[in-house]
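Residue-level structural notes
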Amino acid sequence: MSSAHPSLLVAPIELAGDWGHMIPDAAMHVVQRMRSACFDGLRLVSDDQPDRLRVEERTSGGPAIWLHPDGTTTGWIIVAIGERDWSRLAYQFGHELGHVTANSWRPDAKPAPPSQWLEEALVEAFSLRGLALLADSWSKDPPFKDDSGFGAAVATYRQNIIERYGKLAIEQGNPKDLRIWFKQHRAAMEAQPGLNAFAQAASLSILAEYERNPAGVEALGALNRWEGRSALSLEQYFEAWKASCKDLKASAELPSQLERSVGLS
C-alpha cells in the first residue's frame, strides 16, 4: 500500500456518545490496545482505508457501522457495552473494526444477502483473534498499575464465546466436514441477516485458518472492492475476492482455502 493512503493502524481515534460514568481514558486505552492486537503482524492492503475512526457508545441498539452519507472519510463504529464492560467493548470494537478493514464503512456498504454471512464470520474471527492477543499483551504490559488481571478477564470472555459457538457447531454438524455442513445449511445461512448462528459456528473454522496462517488475514483488506459486494453468489464472491487480492498484491490463500473448505473449488 502506498504511503499516500491512510492507514487504519495509525488513524486517529475519537470517542463520542454516552459513556456515562465510564472513564474516557480507560475506554480509549482499551480501544487503542485492541486495534493494535487486531492488526498485530498484519499488512494492511486496502487502498480505501478511512483517515480516522469514531467510536460512539449508545445506550440502545447493538454494535454496528454507521454508514453515514456526509462525505467524510471516517470509519464510524457504534458500540453498546453497558457500564465499564471493557471486555465487551474490546470484542464489539474488534468485530466492527473487522468490517472497516473489509472495506465496509462507506455509505454504499449496506449488507446484502446471500454472501453477507461470510463477511460476518470473517470479522467475528478477526475479533476473536484480536482478543487472544489483547489478553496476552495486557497481562504482560498493563497500561494501568495493578491491572494485569484484565488480561485474564478478556481471555475468559473470549473462551465463553468460543465455547458457545462450539456448541452451535456441534448442533449444526460442522466440526468434521464443512462441505456437508455448508451444503446442508446454505439456504438458511444465506437467508438470515447479520451474525447468524451459522456465521458464528463458521467463525471458529476461520479462526483456525487465521491461527494456522496469520499472514493470510491480510486478505480481509481485499474484500468488497467490487460492484455488488455481498449481493454476489458465494461462487462469484470468492472469485471477486481472489481477483481483488491479486490486484492489491495480497495473499489469496485465505479465500482459496475457504473456497475449498466449503466445496466450491
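Computed from a prediction, not measured in an experiment: that's the story for all the values here.

Scanning the protein chain for helices and strands turns up eight helices and four strands. When its helices and strands are written in sequence order, the protein chain yields β-α-β-β-β-α-α-α-α-α-α-α. In summary, the protein chain has a C-alpha radius of gyration of 18 Å against a globular reference of 18 Å for 265 residues, a match within 12%. Overall, the protein chain is about 50 × 40 × 35 Å in size when its C-alpha atoms are taken along their principal axes. At a minimum sequence separation of 6, the contacts of the protein chain that also span at least 24 residues come to 71%.

Moving on, we get to the state of the cysteines. Considering all chains together, one arrives at zero disulfides under this definition. With no disulfide of its own, Cys38 lies closest to Cys245 among cysteine sulfurs, the gap being 19 Å. On the accessibility criterion, Cys38 (0% relative accessible area) is buried.

Moving on, we come to the pattern of salt bridges. Across all of its chains, the model carries 15 salt bridges by this definition. Taking the shortest distance from any N to any O, the salt bridge between Glu239 and Lys242 comes out at 3.1 Å. Pair noted here: Glu239 and Lys242 are both in helix α7 (residues 234-247), with a separation of three residues, about one helical turn. For Glu239, a relative accessible area of 45% gives the class partly exposed. Residue Lys242 is classed as partly exposed on the basis of its relative accessible area, which comes to 22%. Within the structure, one salt-bridge network assembled from shared partners comprises Glu14, Arg52 and Arg54.

Here the focus is the pairing of strand β2 (residues 52-57). Of the strand pairs in this sheet, strand β1 (residues 13-17) and β2 are connected by five bridges, and their pairing is parallel. Residue pairing in the sheet places Ala16 in a bridge with Glu56 of β2. One crossover worth recording links β1 to the parallel β2 by way of helix α1 (residues 24-38), and it is left-handed.

As a further point, take the packing of aromatic side chains. On inspection of all chains with the given rule, the structure shows eight aromatic pairs. Both rings, one in Trp66 and one in Trp76, keep their centres 4.5 Å apart while their planes meet at 75°; by these two values the pair is edge-to-face. In this pair, Trp66 is assigned in the loop between β3 (64-65) and β4 (74-79) and Trp76 in strand β4, connecting sequence segments ten residues apart. A relative accessible area of 12% places Trp76 in the buried class. Relative to Phe150, the ring of Trp138 lies with its centre 4.7 Å away and its plane at 70°, an arrangement referred to as edge-to-face. Placement of Trp138 in helix α3 (residues 116-140) and of Phe150 in helix α4 (residues 149-172) is noted, with a sequence separation of twelve residues between them. Ring pairing ties together the aromatic residues Trp117, Trp181 and Phe182, which thus form one cluster.

Locating Ser127 in the fold gives a position in helix α3. Of the residues examined, Ser127 reaches a relative accessible area of 0% and is grouped as buried. Each residue touching Ser127, except ones within four places of it in the same chain, is listed here: Met34, Ala90, Tyr91, Gly94 and His95.

A separate point is α4. With 24 residues, α4 extends 35 Å between its outermost C-alpha atoms, agreeing within 8% with the 34 Å of an ideal straight helix rising 1.5 Å per residue. Residues of α4 that are buried sit in contact with α2 (86-101), α3, α5 (178-191) and α6 (197-212). Of the residues one or two after α4, Gly173 is the one with positive phi, at around 80°.

Rules and cut-offs
- Residues numbered from 1 in each chain as written.
- Predicted model: local features only at pLDDT ≥ 70, side-chain atom pairs only at ≥ 80, totals over all residues.
- Heavy atoms only, no water.
- Helix = DSSP H or I, 4+ residues; strand = E, 2+ residues; numbered from the N terminus.
- Rg over C-alpha atoms; globule rule 2.2 N^0.38 Å.
- Contact = heavy atoms within 4.5 Å.
- Disulfide = S-S within 2.5 Å.
- Buried < 20%, exposed > 50% of the residue type's maximum accessible area, 1.4 Å probe, protein only.
- Salt bridge = Lys/Arg side-chain N within 4 Å of Asp/Glu carboxyl O.
- Pairing = 2+ DSSP bridges.
- Right-handed = clockwise from strand over helix to strand, strands pointing away.
- Phe/Tyr/Trp six-rings, centres within 6.5 Å; stacked < 30°, edge-to-face > 60°.
- Expected span 1.5 Å × (residues − 1).

Purely spatial values, then, with no claim about function.
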